[in-house]
Amino acid sequence: MASNGAVPFWRAAGMTYITYSNICANLVRNCLKEPYKTEALTREKVHFSISKWTEGKPEKPTIRSDSPEE
Amino acid sequence: MLRRASGLLARPILAARARPFSTDLPAAQTADATFVEAWKKVIPNMDPPKTPLSFMQPRPPTPSSIPSKLTVNFVLPYASELATKEVDMVIVPATTGQMGILPGHVATIAELKPGVLSVHEGSDVTKYFISSGFVFIHANSFADIIAVEAMPLDQIDASLVQKGLADFTQKLSSATTDLEKAEGQIGIDVHSALNSALTG
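Remember, predicted model here, so these are calculated numbers, not experimental data.

*Asks:* Would you mind showing me how to read the UniProt feature "domain: ATP synthase F1 complex delta/epsilon subunit N-terminal" (unreviewed entry) in chain B here?
*Replies:* According to UniProt, the "domain: ATP synthase F1 complex delta/epsilon subunit N-terminal" (unreviewed entry) feature falls on residues 71-141 of chain B. The span residues 71-141 of chain B is 0% helix and 68% strand, and its two end C-alpha atoms sit 6 Å from each other.

Structure (structure tokens):
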């Protein structure tokens, strides 16, 4: 097992594991054959709907799309 | 009155979690005995609600002799590829190299690099390309493989792989910041792994 001194190159460059893993997954998805590729691209999108609550009632929800991290 | 019940709900679960972590847990009980007793003392008329423990399947105990098959759970964020499938061997692409997992393997946690996972069952071999993930091997010959993206090799387009490899080699040579270099290097690693998966 690697000692604490030998960090992976992406961590040395300031990237977190999650970012690394997501980049790998995106690259692999982009190399798929056609019908699978369009299904995979829908998987790539992460979006969530937020609604703020005021005085015990929810306001209209907004949908936010998570853009891929740099 | 019900507010006290939620206080009671919190405490026994915390007490149950204080069990020391070990790779060799005994088969867990399916109902939380201390919680049920405490509930009955306060609210004898209502049935105690089910705790998360009762929804969980207890971990199968570690058998005394090495089992003949390895049980594999291979999951992705959006689907469960293999669920408790009994196989003879799996070979996973760990960061330290291709790792073969047989029944009776020592308990291990390994990080995976982009590469090929092969599942061997009798004379059938099923191969998947994994983008990255982890494998948890438990002492009772259960292996949990989790990956972010995985697909059978025939879904990969060879021309896109070549193009990607060329793009990223070029990107790496023209990279200035550490982050760009890291991204270029990741691109090269992933595409060369895809390439050797298709040709190997």
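*Asks:* What's the story with the packing of helix 2 (residues 17-30) of chain A against helix 5 (residues 178-199) of chain B in this structure? I'm lost.
*Replies:* When two helices pack together, you describe them by how their axes are tilted relative to each other and by the distance separating the axes. Their axes nearest at 10 Å, the elements helix 2 of chain A and helix 5 of chain B cross at an angle of 50°. Taken together, the axis directions place helix 2 of chain A and helix 5 of chain B in an arrangement best described as oblique. Considering the relative orientation of helix 2 of chain A and helix 5 of chain B, their crossing is right-handed. Residue-level contacts link Tyr20, Ile23, Cys24, Leu27 and Val28 of chain A of helix 2 of chain A to Glu183, Ile186, Gly187, Val190 and His191 of chain B of helix 5 of chain B.

*Asks:* What is the right way to look at the packing of helix 2 of chain A against helix 3 (residues 34-44) of chain A in this model?
*Replies:* Residue and element names in this part refer to chain A. Two elements in contact, helix 2 and helix 3, have axes separated by 9 Å at closest approach and are oriented at 155°. Between helix 2 and helix 3, the interaxial angle falls into the category roughly antiparallel. When you trace helix 2 past helix 3, the crossing you get is left-handed. In this structure, helix 2 uses Asn26, Arg29 and Asn30 to contact helix 3, whose residues at the interface are Lys37, Ala40, Leu41 and Glu44. Looking at the contact of helix 2 with helix 3, its residues break down into two nonpolar, two polar and three charged.

*Asks:* What exactly am I supposed to notice about the environment of Ser123 of chain B here?
*Replies:* Checked against the element boundaries, Ser123 of chain B lands in the loop between strand 6 (115-121) and strand 7 (124-130). C-alpha of Ser123 of chain B to C-alpha of Asp88 of chain B: the two residues are 35 residues apart in sequence and 9.6 Å apart in space.

*Asks:* Which parts of the structure should I look at to understand the interface of chain A and chain B?
*Replies:* A common measure of how large an interface is: the accessible area buried when the components associate. At the junction of the two partners, chain A supplies 22 residues and chain B supplies 30 residues. Together, Leu27, Val28 and Cys31 of chain A form the three largest contributors to the area buried by chain A at its contact with chain B, with a combined 25%. There are one salt bridge connecting chain A and chain B. Its salt-bridge partner being Glu149 of chain B, residue Arg29 of chain A comes within 2.4 Å of it at the nearest N-O pair. One can count five residue pairs in polar contact (both at pLDDT 80 or more) joining chain A with chain B. Where the side of chain A that touches chain B is concerned, the elements lending two or more residues are helix 1 (9-12), helix 2 and helix 3 of chain A. Per-element tally for the side of chain A that touches chain B: the top contributor is helix 2 of chain A, with 10 residues. Grouping the amino acids of the side of chain A that touches chain B by side-chain chemistry returns 15 nonpolar, two polar and five charged.

Definitions and cut-offs
Residues numbered from 1 in each chain as written. Chains lettered and ligands numbered in written order. Predicted model: local features only at pLDDT ≥ 70, side-chain atom pairs only at ≥ 80, totals over all residues. Heavy atoms only, no water. UniProt positions renumbered as here; feature names shortened; annotations may be inferred. Helix = DSSP H or I, 4+ residues; strand = E, 2+ residues; numbered from the N terminus. Axes fitted to C-alpha atoms, helices over the stretch in contact; angles between N-to-C directions. Parallel < 35°, antiparallel > 145°, perpendicular 65-115°, else oblique. Left-handed = near helix turned anticlockwise from the far one by under 90°. Contact = heavy atoms within 4.5 Å. Nonpolar A, V, L, I, M, F, W, Y, C, P; charged D, E, K, R; others polar. Buried area = accessible area lost by both parts, 1.4 Å probe. Salt bridge = Lys/Arg side-chain N within 4 Å of Asp/Glu carboxyl O. Polar contact = N/O pair within 3.5 Å; in protein donor to acceptor, adjacent residues only side chain to side chain.

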